Structures are given as structure tokens and as C-alpha cells.
Amino acid sequence: MLNVLKIFILIMAALLLQVTILPAYLADPFKPNLLIIVVAYLGFKTGRLGGFLAFGLGILQDCFSGIYLGLSGFSYLCIYLMLNLTADRLYTDNRYLMIFVVFLATEVNGLLQLLLLLLFPTANSIYESILPGLIPQGLVNALISSLLFSFPAVKALEESK
């Protein structure tokens with residue numbers, strides 16, 4: 001029960017930072033997507049409940065800062081499912097693997113959202129705004145995840161499972 005409360009507090013803190021504080025102080029390609037980091041963590045560390053959480057995080061992000069409702073929810077769910085299916089084959093307690101997975105999840109999220117937006121006829125030339133910021137966004141997310149996964153609180157949460 002205490003682990004669920006810790007995960008809930010981490011998710012709420014990431015969501016509040018994502019939609020309130022970070023957009024006011026950071027430029028767009030250098031603004032970290034904390035929810036991708038949470039989705040990558042959920043994909044490696046949780047069971048079936050993590051899929052609902054990943055989809056819910058995407059829907060919440062779309063409610064606060066999305067153009068199309070469900071776009072982030074669907075892409076977060078796809079990322080979660082890919083990570084959850086490969087989690088059994090990898091050593092998921094490795095910090096460097098988590099950093100690399102956060103970078104890959106950021107890139108996959110951008111490409112998946114680009115692919116889904118190209119299906120809409122009103123999303124003309126959307127690739128011009130997504131593609132240039134994809135690599136910097138992945139690098140910033142990798143940097144933030146390296147800082148987050150070195151905190152003792154996150155290590156204690158992983159060891160208590």
C-alpha cells in the first residue's frame with residue numbers, strides 16, 4: 001500500500017511540474033517530458049495496472065496541453081506495451097538501461113505522434129514542428145532521467161518491491 005502511495009505521489013508531482021512550472025520557464029525543445037519518464041518506469045516495473053496508468057497519464061496530458069484528445073494516451077499506451085513486453089528479457093534494474101530506454105521512448109513517442117497526426121487532414125506540415133525538436137527532447141529527457149534515477153528515494157522505491 002505504501003508503494004502505491006509513493007508511485008501516486010511521484011506521478012502527481014511529475015504531472016504538476018509538467019503542466020504548470022516547466023512550460024513557464026523552459027523553451028520547447030529543452031522542456032523535459034516527465035510523463036515519458038514515468039511511463040518508461042511503469043513499463044519496466046509494473047504489471048497490467050501500469051497500462052491503465054500510462055493511458056490515463058496520456059489523457060491527462062492531453063486535457064491540459066494537447067491538441068487532439070487521446071493522442072498522447074494512445075502513444076503512451078503503445079510505449080508502455082512495448083516496454084512491458086520486453087521487460088522480461090532485460091535486466092531492468094540497470095540505471096543506464098533506464099536512461100537509454102527513456103531516450104528511445106521519447107523518440108518513439110514523437111514519431112508515433114507524428115504518424116498519428118499525419119492521419120488527420122488538418123495537420124498539414126506538422127513534421128516541421130516535431131522533427132527538429134525530437135533529438136534535443138530525447139537528450140533532455142535522458143539527462144533528467146539520469147538525475148531522477150540517482151536519487152535515493154527512487155532507489156528505495158525500487159528496492160522495496
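Residues numbered from 1 in each chain as written. Predicted model: local features only at pLDDT ≥ 70, side-chain atom pairs only at ≥ 80, totals over all residues. Heavy atoms only, no water.

A. Up close: the overall build of the chain. When helices and strands are tallied, the chain shows eight helices and zero strands. Across the chain, helices and strands are ordered from the amino to the carboxyl terminus as α-α-α-α-α-α-α-α. Compactness check: the chain gives a C-alpha radius of gyration of 15 Å against a globular reference of 15 Å for 161 residues, within 12% of the reference. C-alpha atoms of the chain, sized along the principal axes, occupy 50 × 35 × 25 Å. Classification of the 161 residues of the chain by burial places 43% in the buried group. Here the analysis covers contacts within the chain between residues at least 6 apart in sequence; of these, 68% occur between residues at least 24 apart. (Helix = DSSP H or I, 4+ residues; strand = E, 2+ residues; numbered from the N terminus. Rg over C-alpha atoms; globule rule 2.2 N^0.38 Å. Buried < 20%, exposed > 50% of the residue type's maximum accessible area, 1.4 Å probe, protein only. Contact = heavy atoms within 4.5 Å.)

B. Looking closely at the nonpolar core. In terms of nonpolar packing, the biggest core is built from 28 residues, with Val-39, Phe-44 and Leu-57 touching the most fellow members. Residue assignment for this core shows that the elements contributing at least two residues are α1 (2-25), α2 (34-45), α3 (49-65), α4 (71-86) and α5 (95-117). At 10 residues, α2 tops the list of elements feeding residues into this core. Setting aside residues up to four positions removed in sequence, Val-39 forms contacts with Ala-54, Leu-57, Tyr-76, Ile-79, Tyr-80 and Leu-83. Counting seven residues, the second-largest nonpolar core is a separate cluster that includes Leu-71, Leu-114, Leu-116 and Ile-130. (Core = buried A, V, L, I, M, F, W, Y, C linked by side-chain atoms within 4.5 Å.)

C. Spatial organisation of the pattern of salt bridges. Enumeration according to the criterion identifies one salt bridge in this entry. The shortest N-O distance in the salt bridge between Lys-45 and Asp-93 comes to 2.7 Å. In this pair, Lys-45 is assigned in helix α2 and Asp-93 in the loop between α4 and α5, connecting sequence segments 48 residues apart. Residue classification places Lys-45 among the buried residues on the basis of a relative accessible area of 18%. (Salt bridge = Lys/Arg side-chain N within 4 Å of Asp/Glu carboxyl O.)

D. Region of interest: the packing of aromatic side chains. For the coordinates displayed, the defined rule picks out one aromatic pair. Aromatic pair Tyr-41 and Phe-149: ring centres 6.4 Å apart, planes at 25°, arrangement stacked. With Tyr-41 in helix α2 and Phe-149 in the loop between α7 (134-148) and α8 (152-159), this pair connects stretches of sequence that are 108 residues apart. Pair check on accessibility: Tyr-41 and Phe-149 agree, each one buried. (Phe/Tyr/Trp six-rings, centres within 6.5 Å; stacked < 30°, edge-to-face > 60°.)

E. Spotlight on α2. Taking 1.5 Å as the rise per residue, α2 with 12 residues should run 16 Å; its terminal C-alpha atoms sit 17 Å apart, in good agreement. Counting buried positions over the 12 residues of α2 gives 12, a clear majority of the element. Listing the buried residues of α2 in full gives Leu-34, Leu-35, Ile-36, Ile-37, Val-38, Val-39, Ala-40, Tyr-41, Leu-42, Gly-43, Phe-44 and Lys-45. (Expected span 1.5 Å × (residues − 1).)

F. A look at the side chain of Gln-113. Tracing the sequence through the fold places Gln-113 in helix α5. Aside from chain neighbours lying at most four places away, what touches Gln-113 is Leu-71, Ser-72 and Ser-75.

G. Here's a closer look at the layout of surface pockets. Counted as a void, the largest pocket has a volume near 880 Å³. As for the largest pocket, its lining consists of 29 residues, of which Asp-28, Asn-33, Gln-61, Gln-113 and Gln-137 are closest to the centre. Breaking the lining of the largest pocket down by element, the ones donating at least two residues are α1, α3, α4, α5, α6 (127-130) and α7. Sort the elements by how many residues they give to the lining of the largest pocket and α5 lands first, with five residues. Residues that form the lining of the largest pocket fall into these classes: 12 nonpolar, 14 polar and three charged. (1 Å grid on protein atoms, 1.4 Å probe; cavity = no way out; pocket = protein on both sides within 12 Å on 5 of 7 lines; lining within 4 Å. Points joined across faces, edges and corners; volume = space filled by probe spheres on them. Nonpolar A, V, L, I, M, F, W, Y, C, P; charged D, E, K, R; others polar.)

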